[in-house]
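Commentary on secondary and tertiary structure
One letter stands for each residue in the lines below.
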Amino acid sequence: MRLRQIASVILVLLPLAAHAAGGGAASVDDARLRNANDEPQNWLTHGRDYAEQRYSPLEQVDEKNIGRLVRVWSYETGLKRGHEATPIVVDGVMYATGSWSVVFALDAKTGKELWRFDPEVPKAVGAKACCDVVNRGVAVYDGKVYFGTLDGRLIALDAETGRPAWEVVTVDQSKAYTITGAPRIVKGKVIIGNGGAEFGVRGYVSAYDAENGTLVWRTYTVPGNPADGFESEALERAAQTWSGGEWWKIGGGGTVWDSMAFDPELDLLYVGTGNGSPWSRVHRSPGGGDNLYLSSILALDPDTGELAWHFQTTPGDNWDFTATQHMILADLEIGGKKRKVLMQAPKNGYFWVVDRETGEFISAEPYVEVTWSDGVDPKTGRPHETGTADYGKAIAVVKPTAFGGHNWQPMSFNPETGLVYIPAQEIVGAYRFNPKEMLTSEHFNTQTDLAVFATLVREVVAGHLLAWDPVEQKEAWRHPYAMPWNGGTLTTAGNLVFQGTADGRFLALDATNGRKLWEFHTGSGVIAAPITYSIDGVQYVTIVAGWGGAFALVGGDAASQGGAPSKGVVHTFALSDLAITPAVLEEMLAGRDEKLAEEEDLYHRWCARCHGVTAISGGAVADLRHSAPDMKKSFVDIVQKGMPGVGMPAFGEILTKEQIEKIQSYIEGRPS
Ligand code: CA
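For clarity, every value in this text was computed on a predicted model and none was experimentally measured. (Residues numbered from 1 in each chain as written. Predicted model: local features only at pLDDT ≥ 70, side-chain atom pairs only at ≥ 80, totals over all residues. Heavy atoms only, no water.)

Looking at the overall build of the protein
A tally of helices and strands in the protein yields 14 helices and 39 strands. Here the protein has a C-alpha radius of gyration of 26 Å; the compact-globule value for 672 residues is 26 Å, and the two agree. C-alpha extents for the protein along the principal axes are approximately 85 × 70 × 50 Å. The burial tally for the protein puts 59% of its 672 residues in the buried class. A separation of at least 24 residues holds for 61% of the contacts in the protein among residues at least 6 apart in sequence. Carbon and sulfur atoms provide 53% of the accessible area of the protein, an area that totals close to 26,300 Å². The centroid of the 60 positive side-chain charges in the protein is displaced by 3 Å from the centroid of its 82 negative side-chain charges. (Helix = DSSP H or I, 4+ residues; strand = E, 2+ residues; numbered from the N terminus. Rg over C-alpha atoms; globule rule 2.2 N^0.38 Å. Buried < 20%, exposed > 50% of the residue type's maximum accessible area, 1.4 Å probe, protein only. Contact = heavy atoms within 4.5 Å. Areas by Shrake-Rupley, 256 points an atom, 1.4 Å probe, with all protein chains shown as cover. Lys, Arg positive; Asp, Glu negative; His and termini not counted. Charge placed at Lys NZ, Arg CZ, Asp CG, Glu CD.)

Written out as structure tokens, the structure is:
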């Protein structure tokens, strides 16, 4: 018995040791990616594994001890606007992105910055980004870190140093293409899509050789001008479903701007496609038709990009009902049979379960209130339109809307509870036909009537965390929120679901019954999804906070954070008694750079007692980061002489001019 125990310990430790000995940073290969689920200590790919379940087998933090979860470190990105990244963790190093496609590598145990890379996206490109200057994260493989930039580049960095290894432009930069999604690595290739269908582009997904950036294949999702011939038979078939219009002049849409998954056994890569460009099908395809492959789940051969099957969730999309939302692969027992399924809760409000081998429809039910459709065909799954959402003649008030019953914020699936945790939302929208728009790709071409929306938005917006039973196709429980546009979810073997909220909290709930167990105030709305990993026997939970995205831009006072500017912060938590040890504190202090350490120590010795640790005022006295320019100019003088009228002592006898300047340098270096 004892021998068997020892043998199993060795078996468990061997793969870890092999990785540690595998040399350089981020030594991730195909085998590790395929078996990512067997490395609970890491978070190797966007959805943790190729099935994108966002379920962690780690169980040190559970529903009983969650009260001891505390923040152990934070990292301020120094960037404003939306932060949507899912960090990747490989062997103790965290790789994440902020807004404007900035990438950083951190020591995952202490939060110390190892390197930072700014691709210097021209700020003018921000105008092409419908939904904020966001980025959802990196992919890591074979010693490199891969990410897309808002201006359409794909960049590979050396994981050790953060220096560029190669860079390619993946789009026609004269058009409205942007990249916000995270790349995935499949069989030595970097898979990357793009966005831009709000402004008129033709969607596609590309595969580049991870080693050198050579384009291996590119698959368009909608047909181009039939007069030019078709790139594939699949596109020739698709063209039969477009009729009477000149969609190719505007682009057609169908961009692959976020979700992907991969099944190594079936050797199929799944991508979700977006809305039509323009939104209005009357403009795109006046003769009707389904307009393949808009708003569809596509299964592709990862070696060639060839289409294996498709499943269209919104035929003839008219409302920006993208199917780019998160897809989860799982094996479920349905009707007494084990089924290999793909699950998606796209914007249109239906929760879909399809056979991921064949694309065959299994089931669908509305997971939020749906008014544009009153059900799906029980055999094919094709949604039946009610007609009330057709805005050709009059304003149509529609649920859900272009914001979706669920948007890009990742959901998660817990095999133990059998539930999918969806960041669901209720936002009512209005569409009004505008015959003058849409005829060029130069203008914002949506049919959402924001003036009408403005009168509705304060009344009918809310969100909830929805626990959904995908086998029974019904709600198990929900946790309501006052605001929509809440963050993605993470679920763990500790019977927990984690989610950040639009109103600036980070929550943990009981995965079985939805009871709220724990909450932390982040100081900013959260839209990204949390991750978990472990180092030296301690489980960590990380969330990237930073309010932004489409709803934050458009939502007016329904989205307001009370005037506080959005600020990107990576927050990492662990159980207090395990993580806050003297040894860890020593390690954190020792990890600082010399100049910063000297300045920081001076500040904390002489100033922090009144002006707050890390130069953040608790509110009782002035926040030195926000001093008026003339105060900054006479900083040394003020500190030397003091301000007796407000109780500020004179430090002229205690501190040298040089020391005071160091304190000022520290304060000015702090993100405000
Ligand atoms: Ca869209």
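Details of the packing of aromatic side chains
Considering all chains together, one arrives at 33 aromatic pairs under this definition. Where Trp518 meets Phe573, the ring centres are 5.4 Å apart and the plane angle is 85°; that geometry is what we call edge-to-face. You can see Trp518 sitting in strand β36 (residues 516-521) and its partner Phe573 sitting in strand β39 (residues 569-575), a full 55 residues away along the chain. For the pair shown, Trp518 and Phe573 are each scored as buried. Here the aromatic residues Phe311, Trp319, Phe321, Tyr350, Trp352, Phe361 and Trp372 are joined through ring pairs into a cluster of three or more. Its guanidinium or amino end placed over the ring of Trp100, Lys123 lies 4.6 Å from that ring's centre, counting from NZ or CZ. When the ring centre of Tyr220 is taken as origin, the NZ or CZ atom of Arg202, which lies over that ring, is 3.9 Å away. (Phe/Tyr/Trp six-rings, centres within 6.5 Å; stacked < 30°, edge-to-face > 60°. Lys NZ or Arg CZ within 6 Å of the ring centre and 35° of its normal.)

Regarding helix α10 (residues 594-606)
Over its 13 residues, α10 runs 19 Å from end to end, which matches the ideal 18 Å to within 8%, given 1.5 Å per residue. Along α10, the residues classified as buried are Ala597, Glu599, Glu600, Leu602 and Tyr603. In this structure, the buried residues of α10 make contact with α11 (608-611) and α14 (657-669). Between the side-chain oxygen at the start of α10 and the backbone nitrogen of Lys595 there is a gap of 3.1 Å, and the oxygen is on Asp593. (Expected span 1.5 Å × (residues − 1). Polar contact = N/O pair within 3.5 Å; in protein donor to acceptor, adjacent residues only side chain to side chain.)

Quick notes on the confidence of the model for the protein
In this model, the protein carries an average pLDDT of 91, and 92% of its residues clear a pLDDT of 70 or more. Note on residues 1-22: pLDDT is under 50 here. Beyond four places in sequence and across chains, it has 6 contacts. Below a pLDDT of 50 lies the segment residues 438-445, which in the model reaches 22 contacts outside its immediate sequence neighbourhood of four places, other chains included. (pLDDT = per-residue confidence, 0-100.)

Points about the sheet that holds strand β4 (residues 93-97)
Across the sheet, 4 strands lie side by side as β3-β4-β5-β6; this open sheet has antiparallel pairing. The open sheet has two free edges, formed respectively by β3 (88-90) and β6 (113-117), since each of these has just one partner strand. Here the average twist between neighbouring strands, direction ignored, is 15°. (Pairing = 2+ DSSP bridges. Axes fitted to C-alpha atoms, helices over the stretch in contact; angles between N-to-C directions.)

With respect to the coordination of the calcium ion
Protein-derived coordination of the calcium ion comes from Glu198 (OE), Glu198 (OE), Asn275 (OD1), Asp320 (OD) and Asp320 (OD), at a distance range of 2.3 to 3.1 Å. The motif formed by the donor residues of the calcium ion, counted along the single chain, is E-x76-N-x44-D. In this pair, Asn275 sits in the loop between β17 (268-272) and β18 (276-277) while Asp320 sits in the loop between β20 (307-312) and β21 (327-334), placing the two residues 45 residues apart along the sequence. No difference in accessibility class separates Asn275 from Asp320, as the two residues are buried. (Donors = N, O, S within 2.8 Å, 3.2 Å for Na, K, Ca; no water.)

A closer look at the nonpolar core
Ranked by size, the top nonpolar core spans 87 residues in total, and within it Met94, Tyr95, Val140, Val145, Tyr146, Phe498 and Tyr533 carry the most contacts. In terms of residues, this core owes the most to one element, strand β38 (residues 538-545), which gives 6 residues. Beyond its immediate sequence surroundings of up to four residues, Val140 is in contact with Ala26, Val28, Ile88, Val90, Tyr95, Val145 and Ile185. If you look at the next biggest cluster of nonpolar residues, it comprises 27 residues, including Trp279, Ile297, Trp319 and Val370. (Core = buried A, V, L, I, M, F, W, Y, C linked by side-chain atoms within 4.5 Å.)

Some words on the environment of Ala574
Take Ala574: it is sitting in strand β39. With 343 residues separating them in the primary sequence, Ala574 and Glu231 have C-alpha atoms 51 Å apart. The contacts of Ala574, once residues within four sequence positions are left out, are Arg68, Leu69, Val70, Val72, Val538, Gln539, Tyr540 and Ala579.

A word on unusual backbone geometry
Residue Pro278 is reached from Ser277 by a cis peptide bond, and omega for that bond is 0°. With an omega of -10°, the peptide bond running from Lys399 to Pro400 counts as cis. Within the chain, Asn495 stands out as a residue other than glycine whose phi angle is a positive 60°. Assignment of secondary structure puts Asn495 in the loop between β33 (489-492) and β34 (496-500). Even without being glycine, Ala615 reaches a positive phi, approximately 65°. Mapping Ala615 onto the fold places it in the loop between α11 and α12 (629-633).

Quick notes on the state of the cysteines
Inspection of every chain in the model, using the stated rule, returns 1 disulfide. Note that Cys130 is cross-linked by a disulfide to Cys131, the S-S spacing being 2.3 Å. Its torsion about the S-S bond being -100°, the disulfide of Cys130 and Cys131 is classed as left-handed. Not part of a disulfide, Cys607 finds its nearest cysteine sulfur in Cys610, a span of 9.1 Å. Of the residues examined, Cys607 reaches a relative accessible area of 14% and is grouped as buried. (Disulfide = S-S within 2.5 Å.)

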